[in-house]
Amino acid sequence: MPVRSPRPIRALTLARSNLEQVCVISCSCPSNLVHHTMPNIKVFSGSSHPDLASRIVDRLGIDLGKVVTKKFSNLETCVEIGESVRGEDVYIVQSGSGEINDNLMELLIMINACKIASASRVTAVIPCFPYARQDKKDKVSKGFSHCGKLMKTNEWKFRSRAPISAKLVANMLSVAGADHIITMDLHASQIQGFFDIPVDNLYAEPAVLKWIRENIVEWRNSIIVSPDAGGAKRVTSIADRLNVEFALIHKERKKANEVASMVLVGDVKDRVAILVDDMADTCGTICHAADKLVEAGATKVYAILTHGIFSGPAISRINNACFEAVVVTNTIPQDGHMKDCSKIQCIDVSMMFAEAVRRTHNGESVSYLFSNVPY
């Protein structure tokens, strides 16, 4: 026989009270509903990309956290978190763009400030990872004799003294107190191995595929081209998804940001060539590659890049190049670049970061985002 409660009236009263609370929550305004479904979450923005952070919180249906960043007269960075984060799941959005060193230091201070304020977990959302290109010791330098004189020209020392700065940045983030990293299109996916904490490396590929299908009419007669050997895996994946062919450009450098020669491997004649790369800085590589593709008979040339850094002479080079369009994502602010160059177009990836934050907060898998764009 079922055991009866010794105080049935009290039990019935509690049941009715709980039911009334559920009804009040479900019938209240949408903002209360959001806070009910996503409790204990705070999203803060650094000064590098406030527009992206605003888009992320708009997608999540929450308010951006209050934070004040300033510099002292000696240019030291000061951060003040303007609300309680005790027991909260904190996400800090800061991209590796603009004044990279200042923004990196600001991110580290914000992480540490939240951590020592008893935040439950601190996740750094870094759309463009800083120092990602310094991920290995592959530089070759001329050797010096023990007396300091330069050795003969044909004598090279392979004992490089180049730093692995990406590893240093990983260590700094971990020491500052980051529990989790969310980023996009790392220059080398092996950078994830520099961390002892979870790293979610999102891909811009789903958004790129969507843009190609919607904006390039002749995409079925296109060929996906990598401007260097390092991007071969990236272009083959996109070419397979579109069911088109791919080509490769082999380049040799004399020194950083200066390309010596290029060799095209593949047939681009009478096709639309789509250059795909993870980032473009001074744009010397992609502009040389575009000229090479036109010489080889390509009818049109597009460039699609995840991180449009566009430093130095990049904008003038793009304006003078033969591109139909140079498409970038907004992992880095692009408003100024788009004003200076009409060829630059932007893909919004804020929905991918917002969905990654939501899934991480709720303990769900983010692998869906590797091949799909959340709508």
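Reference entry: report on the structure contained in this document. Since the model is a prediction, treat every value here as computed from it, not as a measurement.

### Brief notes about the overall build of the chain
Across its full length, the chain carries eleven helices and 16 strands. Taken over 375 residues, the chain has a buried fraction of 46%. A fraction of 62% describes how many contacts in the chain between residues 6 or more apart in sequence connect residues 24 or more apart. For the chain, the accessible area works out to roughly 19,700 Å², and carbon and sulfur atoms hold 53% of it.

### Digging into the packing of helix α6 (residues 205-215) against helix α7 (residues 232-242)
Two elements in contact, α6 and α7, have axes separated by 11 Å at closest approach and are oriented at 50°. When the interaxial angle is binned, α6 and α7 end up oblique. Crossing handedness for the pair α6 and α7: right-handed. Contacts between α6 and α7 pair E205, V208, L209, I212 and R213 from the former with S237, I238, R241 and L242 from the latter.

### What about empty space enclosed by the protein?
On inspection of all chains with the given rule, the structure shows one cavity of 30 Å³ or more. Reported here for the largest cavity is a volume of approximately 40 Å³. Lining the largest cavity are Q94, S95, G96, I100, N103, L104, L107, I126 and P130. Per-class residue counts for the lining of the largest cavity are five nonpolar, four polar and no charged.

### What about the nonpolar core?
Ranked by internal contacts, the top residues of the largest apolar core, which has 45 residues, are W211, I212, I216, I224, L242, I274 and F353. Top contributing element to this core by residue count: helix α11 (residues 350-361), with six residues. Look past the residues within four positions of I216 in its chain and what remains in contact with it is W211, V272, I274 and Y302.

### Looking at helix α3 (residues 50-60)
Within the span of α3, buried status applies to L52, A53, I56, V57 and L60. When α3 is viewed along its axis, its buried side chains cluster within an angular range of 130° and face the same direction. Two residues or fewer past α3, G61 is found with a positive phi of approximately 80°.

### Considering unusual backbone geometry
In this model, S118 sits at a positive phi of 70°, which is unusual for a non-glycine residue. Considering the arrangement of structural elements, one finds S118 in the loop between α4 (100-116) and β5 (121-126). If you check the backbone angles, F310 has positive phi at about 55° while not being a glycine. Here F310 lies in the loop between β14 (300-308) and α9 (314-320).

### Looking at the packing of aromatic side chains
In the structure shown here, the tally under the stated rule is three aromatic pairs. A centroid spacing of 5.9 Å and a plane angle of 80° characterise the contact between F129 and F195, whose relative ring orientation is edge-to-face. In this pair, F129 sits in the loop between β5 and β6 (141-142) while F195 sits in the loop between β8 (180-184) and β9 (199-202), placing the two residues 66 residues apart along the sequence. With respect to class, F129 is no different from F195; both count as buried.

### Some words on the environment of A356
Summarising the element assignment, A356 is placed in helix α11. In this structure the C-alpha to C-alpha distance between A356 and S367, which are eleven residues apart in sequence, comes to 9.3 Å. Leaving out residues up to four positions away in the same chain, A356 has contacts with I182, L202, V366 and L369.

### Some thoughts on the pairing of strand β16 (residues 344-347)
Pairing of strand β15 (residues 325-329) with β16, which is carried by four bridges, proceeds in the parallel orientation. Looking at the pairing, V326 lines up with I344 of β16. For the handedness criterion, the β-α-β arrangement of β15, helix α10 (residues 335-340) and β16 is classed as right-handed.

### Notes on the side chain of E355
When you line up the elements, E355 lands in helix α11. A relative accessible area of 12% means that E355 is categorised as buried. Of note is the side chain of E355, whose polar atom sits 2.8 Å from the side chain of R358. Discounting residues that sit within four places of it in the chain, E355 has contacts with L369 and P374.

### Comments concerning the pattern of salt bridges
In total, this model carries 17 salt bridges according to the counting rule given. A salt bridge links E245 to R271; the nearest nitrogen and oxygen atoms lie 3.0 Å apart. With E245 in strand β11 (residues 245-255) and R271 in the loop between β12 (258-265) and β13 (272-280), the pair connects residues that are 26 residues apart, well separated along the chain. On the basis of relative accessible area, E245 is assigned to the partly exposed category, the value being 46%. It is possible to trace a salt-bridge network through shared partners that takes in E355, R358, R359 and E364.

### Here we look at the packing of α4 against helix α5 (residues 165-176)
The geometry of a pair of packed helices is captured by two quantities: the angle between their axes and the separation between those axes. At a minimum axis distance of 8 Å, the contact between α4 and α5 shows a crossing angle of 25°. Overall, the two elements α4 and α5 adopt an arrangement that is roughly parallel. Facing L104, L107, L108, I111, N112 and K115 of α4, the residues of α5 in contact are V169, M172, L173 and A176. Residues that form the contact of α4 with α5 fall into these classes: eight nonpolar, one polar and one charged.

Scoring rules and cut-offs
Residues numbered from 1 in each chain as written. Predicted model: local features only at pLDDT ≥ 70, side-chain atom pairs only at ≥ 80, totals over all residues. Heavy atoms only, no water. Helix = DSSP H or I, 4+ residues; strand = E, 2+ residues; numbered from the N terminus. Buried < 20%, exposed > 50% of the residue type's maximum accessible area, 1.4 Å probe, protein only. Contact = heavy atoms within 4.5 Å. Areas by Shrake-Rupley, 256 points an atom, 1.4 Å probe, with all protein chains shown as cover. Axes fitted to C-alpha atoms, helices over the stretch in contact; angles between N-to-C directions. Parallel < 35°, antiparallel > 145°, perpendicular 65-115°, else oblique. Left-handed = near helix turned anticlockwise from the far one by under 90°. 1 Å grid on protein atoms, 1.4 Å probe; cavity = no way out; pocket = protein on both sides within 12 Å on 5 of 7 lines; lining within 4 Å. Points joined across faces, edges and corners; volume = space filled by probe spheres on them. Nonpolar A, V, L, I, M, F, W, Y, C, P; charged D, E, K, R; others polar. Core = buried A, V, L, I, M, F, W, Y, C linked by side-chain atoms within 4.5 Å. Arc of directions from axis to C-beta. Phe/Tyr/Trp six-rings, centres within 6.5 Å; stacked < 30°, edge-to-face > 60°. Pairing = 2+ DSSP bridges. Right-handed = clockwise from strand over helix to strand, strands pointing away. Polar contact = N/O pair within 3.5 Å; in protein donor to acceptor, adjacent residues only side chain to side chain. Salt bridge = Lys/Arg side-chain N within 4 Å of Asp/Glu carboxyl O.

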